[in-house]
Number of protein chains: 2
Amino acid sequence: MEQQNGHAPDHAADLKGKDPDATDFANYFCTYAFLFHQKEMLEDHKRTGAYYTAIMQNQAQFRDKVVLDVGAGSGILAIFAAQAGARKVYAVEATAVAQHARKLVQHNRLGGIISVIQGTIETVELPEKVDIIVSEWMGYFLLRESMLDSVLVARDKFLKPGGALYPSHARLYVAPIRSNLTHQRQREFSNAMEGWAGFTNDMQRYYGVRMDCLNDAFHDEQKQYYQQTSAWADISPQQLAGRPWCFKQYDLLKVTQQEIIDSFKEHFELQIVEAAPIEAFAGFFDVQFKGSPENPASFEVLLSTAPDPDCGTHWGQQVFHLYPPINAQPGDRISGDISISRKKENHRLMRVIFQHRTTPNQPQPQAAGMKLQSTDRTDFYSIE
Amino acid sequence: MEQQNGHAPDHAADLKGKDPDATDFANYFCTYAFLFHQKEMLEDHKRTGAYYTAIMQNQAQFRDKVVLDVGAGSGILAIFAAQAGARKVYAVEATAVAQHARKLVQHNRLGGIISVIQGTIETVELPEKVDIIVSEWMGYFLLRESMLDSVLVARDKFLKPGGALYPSHARLYVAPIRSNLTHQRQREFSNAMEGWAGFTNDMQRYYGVRMDCLNDAFHDEQKQYYQQTSAWADISPQQLAGRPWCFKQYDLLKVTQQEIIDSFKEHFELQIVEAAPIEAFAGFFDVQFKGSPENPASFEVLLSTAPDPDCGTHWGQQVFHLYPPINAQPGDRISGDISISRKKENHRLMRVIFQHRTTPNQPQPQAAGMKLQSTDRTDFYSIE
């Protein structure tokens, strides 16, 4: 019977470089993907349940208010807001999913409260300002592909003074972890290099063409893929070799649109508690629903994407592989800076740089004449 | 340890619909993919070997000639042409892979013969017309994502009268097959619908939101994905339930640029030889290297992507699932028309429509008063 190879056939054909003006190599219109992906996000009940609780446990904040749902998708948050007693809800959704949202609104008899508007928040006009903006805007590692830009545009255009954002705060974390995935990637990298060696031999043998001049380029390309591209994973807390460190906090009422665009650099300190090779850094985020100072939530909710033994989210965590691993002892400290920026060639993707050093708990005995070995290192990553 | 879910995480995040102007939902610049994919295509030795043989066994046609390689990629065909004695070779490549091609040309000491030009064939200028155009332009099912448009532009701009295209001819085939993949897709479709039913129950139970109004939309979306999107597969000849039928032929010296853009409809006839449910149509192509009438090849080569027990190609074949299958007996005939067109919303993708009927070998005995059941049907597909 047929073999379904593991490779991505579309990718291979796309990369014949036929359309050089398109920087997108998998440029296809996913006509079959809308509801499937809405379902994937909705059935992430840690996510959906957090929004439900944040809204339904704060009905006093929502009752008779005007609400805006930015990037409404299926319209579920708009529906929650209406269920919580909002007087009027605007659900703005840029894609064709808006048509499904309209059906849902009608089917749940909320057409008198919720208006679904298909368009971008940057271009849409609303007849009034709003008391509350709800939005599920977070991407992997919070900021990848995030809609935060659009949420801040909505805030600046439509939110009344004293109005609230749901969620109101966001935090970014990094933690030291052990990682089987990192091992796996290293094996795949080795295999890729072995494969290349066999391939260049064949090209010489069959066709008399010497391709070894591309060895370094292939190596660098594969290194970027296997080592320097962060990976999605659902990490177990057992992999944590130390407590997570919060390296950035956002007050979403105060942060400016420019701050979101700009690169930033933040300090971090990781105390190692397990004797284990630190094979990767794990990155994740949480958001909180606290309301605004003028209109605080009665019931604060935390939606965390930290490693969870029972229930992950579709965001997982991001794994930043460390090659070589850091051989740390309990009490050692890994400290340094994380720099995060958007890629110039594609602002939807990110660059992350860790500059760090490991300080031992026990100072190492130093033999006469021997230099103390520096642990300073810089590790570069793409979040694709 | 971590779980790597089977889903495509990037896809989920992309489909939050943050950039509605982009119809591409996996819009990322594959900086790590150039050489890896060149290697994938080069190590398809049925493919690369066919070009090598077609060029090296026709050195009389290449000696002292001027050659153009359209969409040169790594430059391998340009290198073959130079090895075969060409006086001058222009290798035109639109993407950054051109830089690797230059390295290869230098490393193989062919810099005096081969000029690598980074640019599109539509915009590039050459100092002279050429005797031969070589190109590996074929996409899945020949025409998906194919560079044929560019090859014909090159032909019309640069090819001398009497000049040759390598390859010179192309043919499209369809065959009736059994298909486990079709079964598998049908099971996945069922599972998706079961999952949706459970999901809508949960949404009602947890959040009081009724989503059953989207049942039909979800069903149609999944049907399009599982049933109506053709699939890549490497088919075994044992799956063939009848001989392939050639439904279209191209003389690449004569076909016009307009003919390639236009939709077309062609007749097909499939004689069934196996008693089997016909679960899918398989589509594939071949190309031939015959040279031109004025400059014919001494040694004609055929590169076929037909099902092959020993050696497939990276093109595989395209599987067009039949739901329900056609219950055919040996001697039955499936006949009709295939229509192929480019999608308006994305001309790189294709629509394929099969309108067909099954004519039994043995006329069925007809009970008095019973209508003869028509086997006329129309099956629609996307090639994504």
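Procedures and definitions
- Residues numbered from 1 in each chain as written.
- Chains lettered and ligands numbered in written order.
- Predicted model: local features only at pLDDT ≥ 70, side-chain atom pairs only at ≥ 80, totals over all residues.
- Heavy atoms only, no water.
- Axes fitted to C-alpha atoms, helices over the stretch in contact; angles between N-to-C directions.
- Helix = DSSP H or I, 4+ residues; strand = E, 2+ residues; numbered from the N terminus.
- Parallel < 35°, antiparallel > 145°, perpendicular 65-115°, else oblique.
- Contact = heavy atoms within 4.5 Å.
- Nonpolar A, V, L, I, M, F, W, Y, C, P; charged D, E, K, R; others polar.
- Pairing = 2+ DSSP bridges.
- UniProt positions renumbered as here; feature names shortened; annotations may be inferred.
- Buried < 20%, exposed > 50% of the residue type's maximum accessible area, 1.4 Å probe, protein only.
- Domains from an automatic or database assignment.
- Salt bridge = Lys/Arg side-chain N within 4 Å of Asp/Glu carboxyl O.
- pLDDT = per-residue confidence, 0-100.
- Polar contact = N/O pair within 3.5 Å; in protein donor to acceptor, adjacent residues only side chain to side chain.
- Phe/Tyr/Trp six-rings, centres within 6.5 Å; stacked < 30°, edge-to-face > 60°.

## Focus on the packing of helix α2 (residues 34-42) of chain A against helix α9 (residues 215-226) of chain B
For step 1, the next point in the chain: Between α2 of chain A and α9 of chain B, whose axes approach to 8 Å, the crossing angle comes to 115°. Taken together, α2 of chain A and α9 of chain B sit at an angle that is classed as roughly perpendicular. Two secondary-structure elements touch here, α2 of chain A through F34, L35, F36 and K39 of chain A and α9 of chain B through A217, F218, E221 and Q222 of chain B.
For step 2, the next point in the chain: Residues belonging to the contact of α2 of chain A with α9 of chain B are distributed by class as follows: five nonpolar, one polar and two charged.

## Some thoughts on the sheet that holds strand β2 (residues 88-93) of chain B
Residues and elements named next belong to chain B.
For step 1, the next point in the chain: Pairing in this open sheet of five strands is parallel, and the strands run β3-β2-β1-β4-β5 from one edge to the other. If you trace the sheet from one side to the other, it starts and ends with β3 (114-118) and β5 (159-166), each paired once. Taking the axes of each pair of neighbouring strands and ignoring which way they run, one obtains an average angle of 20° across the sheet.
For step 2, the next point in the chain: As paired elements, β2 and β3 share five bridges and run parallel to each other. Among the inter-strand pairings, Y90 is bridged to a residue of β3, identified as S115.
For step 3, the next point in the chain: Across the sheet, helix α6 (residues 97-107) is in contact with β2 and β3; its angle to β3 comes to roughly 170°.

## Some words on the UniProt feature "domain: Protein arginine N-methyltransferase" (unreviewed entry) in chain A
For step 1, the next point in the chain: Sequence positions flagged by UniProt for "domain: Protein arginine N-methyltransferase" (unreviewed entry) are, in local numbering, residues 170-358 of chain A.
For step 2, the next point in the chain: Between the first and last C-alpha atoms of residues 170-358 of chain A the distance is 28 Å; the span itself is 24% helix and 43% strand.

## Details of helix α5 (residues 76-83) of chain B
Residues and elements named next belong to chain B.
For step 1, the next point in the chain: Of all eight residues making up α5, seven are buried, and the element is well covered by its neighbours.
For step 2, the next point in the chain: Buried within α5 we find I76, L77, A78, I79, F80, A81 and A82.
For step 3, the next point in the chain: The first or second residue beyond α5 is G85, which carries a positive phi of 110°.

## Here we look at the domain arrangement of chain A
Many analyses report the size of an interface as the accessible area lost when the parts associate.
For step 1, the next point in the chain: Split into domains, chain A comes out as domain 1 (13-136) and domain 2 (169-247 + 257-290 + 317-384).
For step 2, the next point in the chain: The centre of domain 1 of chain A, based on its C-alpha atoms, is set 35 Å off from the matching centre of domain 2 of chain A.

## A closer look at the pattern of salt bridges
For step 1, the next point in the chain: A complete count under the given rule lists 28 salt bridges over all chains for this structure.
For step 2, the next point in the chain: A salt bridge links D131 of chain A to K160 of chain A, with the shortest nitrogen-to-oxygen separation between them at 2.9 Å. Pair noted here: D131 of chain A is in strand β4 (residues 130-134) and K160 of chain A is in strand β5 (residues 159-166), with a separation of 29 residues, a long-range link.
For step 3, the next point in the chain: The exposure class assigned to D131 of chain A is buried, which follows from its relative accessible area of 16%.
For step 4, the next point in the chain: A salt bridge links E266 of chain B to K248 of chain B, with the nearest nitrogen and oxygen atoms 3.3 Å apart. Residue E266 of chain B is located in strand β9 (residues 264-271), and its partner K248 of chain B is located in strand β8 (residues 245-251); the two are separated by 18 residues in the primary sequence.

## Quick look at the confidence of the model for chain A
For step 1, the next point in the chain: Confidence in the prediction for chain A averages 90 pLDDT; 90% of positions are at 70 or higher.
For step 2, the next point in the chain: For this predicted complex, the interface score ipTM comes out at 0.87, while the overall pTM is 0.88.

## Overview of the pairing of strand β13 (residues 333-342) of chain A
Residue and element names in this part refer to chain A.
For step 1, the next point in the chain: Note: strand β9 (residues 264-271) against β13, eight bridges, orientation antiparallel. Paired with L270 across the two strands is I334, which belongs to β13.
For step 2, the next point in the chain: Pairing geometry for β13 and strand β14 (residues 350-359), over ten bridges, is antiparallel. Paired with G336 across the strands is H356, a residue of β14.

## With respect to the environment of Q222 of chain B
Residues and elements named next belong to chain B.
For step 1, the next point in the chain: Position of Q222 among the secondary structure elements: in helix α9.
For step 2, the next point in the chain: On the basis of relative accessibility, which here comes to 2%, the residue Q222 falls in the buried class.
For step 3, the next point in the chain: Spatially, the C-alpha atoms of Q222 and M193 are 8.2 Å apart, while their sequence positions differ by 29 residues.
For step 4, the next point in the chain: Within polar-contact distance, the side chain of Q222 engages the side chain of E221 at 3.1 Å.

## Some points on the packing of aromatic side chains
Each aromatic ring pair is characterised by the separation of its centres together with the angle its planes make.
Residue and element names in this part refer to chain A.
For step 1, the next point in the chain: Inspection of the entire model under this criterion finds 42 aromatic pairs over all chains.
For step 2, the next point in the chain: Relative to F80, the ring of Y52 has its centre 4.9 Å away and its plane inclined at 70°; by these criteria the two rings are edge-to-face. Of the two residues, Y52 sits in helix α3 (residues 45-56) while F80 sits in helix α5 (residues 76-83), which places them 28 residues apart along the sequence.
For step 3, the next point in the chain: Residue Y52 is classed as partly exposed on the basis of its relative accessible area, which comes to 21%.
For step 4, the next point in the chain: A relative accessible area of 0% places F80 in the buried class.
For step 5, the next point in the chain: Taken together, F141, F247, F268, F281, F320, F354 and Y381 form an aromatic cluster joined through their ring pairs.

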